[in-house]
Structures are given as C-alpha cells and as structure tokens.
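# Structural features, examined
For reference, the chains in residue letters:
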Amino acid sequence: MSSNSTGRIEVPEAKEALDRFKMEVADELGVPLTNGYNGNLTSYQNGSVGGYMVKKMIEAQERQMSGKSGR
C-alpha cells in the first residue's frame, strides 16, 4: 500500500479494507472511533489507533517474509 504526500490512498480498492482495519484496531484499544467526524477524540487516542495499525502491519509483513502464517 502506498500513499502520496497528501495522504491519499493510491489504491482505492484498499480504502474499505483500511477503514475496517482502523475500526477493528480502535475497538481493540477501546477508542470510541466512529465513521465520520471524530474531533471529540484526543490526539493521543487518534495517534494510538494509527500507531497500533502500523505495528500490526509491520508484524504481518515480518511473518509473511519469514514464511510463517497466522494473525
């Protein structure tokens, strides 16, 4: 997945999957993220979702590169 300097998703088909992933991570972290406006959340809450998403994506890529499966 790649994005340009404006943060736009380069592969439009991935947007729905990323949105589902974001909501899943927010739920795991207990962050009350909703579809749409989330200005009521703190930057810490929003940042924790993004940071944890990156962590999980890196872990999945490492598993894939090592030939191990699992989630």
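Everything here concerns the structure above.
The following refers to the structure shown. Worth saying up front: this structure is predicted, and the values here are computed from it rather than measured.

### Considerations on the side chain of Lys56
Looking at the secondary structure, you find Lys56 in helix H2 (residues 43-66). Polar side-chain contacts of Lys56 include one of 2.9 Å to the side chain of Glu28. Not counting chain neighbours up to four residues away, the residues in contact with Lys56 comprise Phe21, Glu24, Val25 and Glu28.

### As for a nonpolar patch on the surface
On the surface, a cluster of nonpolar side chains totalling about 230 Å² of accessible area is made up of Val54, Met57 and Ile58. Checked against the element boundaries, Val54 lands in helix H2.

Definitions and cut-offs
- Counting from 1, residues in each chain are numbered in the order their sequence is written.
- Totals for whole chains, interfaces and linings use every residue, but because this is a predicted model, local features are given only for residues with pLDDT of at least 70 and side-chain atom pairs only at 80 or more, for both listing and counting.
- Note: side-chain values were computed over all heavy atoms of the structure, leaving out hydrogens and water.
- Secondary structure follows DSSP: runs of H or I at least 4 residues long count as helices, runs of E at least 2 residues long count as strands, and numbering of each begins at the N terminus.
- Definition of a polar contact: a pair of N or O atoms within 3.5 Å, with one able to donate and the other able to accept a hydrogen when the atoms are protein atoms, and with sequence-neighbouring residues admitted only if both atoms are side-chain atoms.
- Residue contacts are counted whenever heavy atoms from the two residues lie within 4.5 Å of one another.
- Patch construction takes residues with relative accessible area above 30% that form no salt bridge. Like charges are linked within 9 Å, and nonpolar side chains (Val, Leu, Ile, Met, Phe, Trp, Tyr) are linked within 5 Å.
- Surface accessibility in these figures is a Shrake-Rupley result with a 1.4 Å probe; residues are shielded only by whichever protein chains are displayed.
- Salt bridge, as used here: a side-chain nitrogen of Lys or Arg that lies within 4 Å of a carboxyl oxygen of Asp or Glu.

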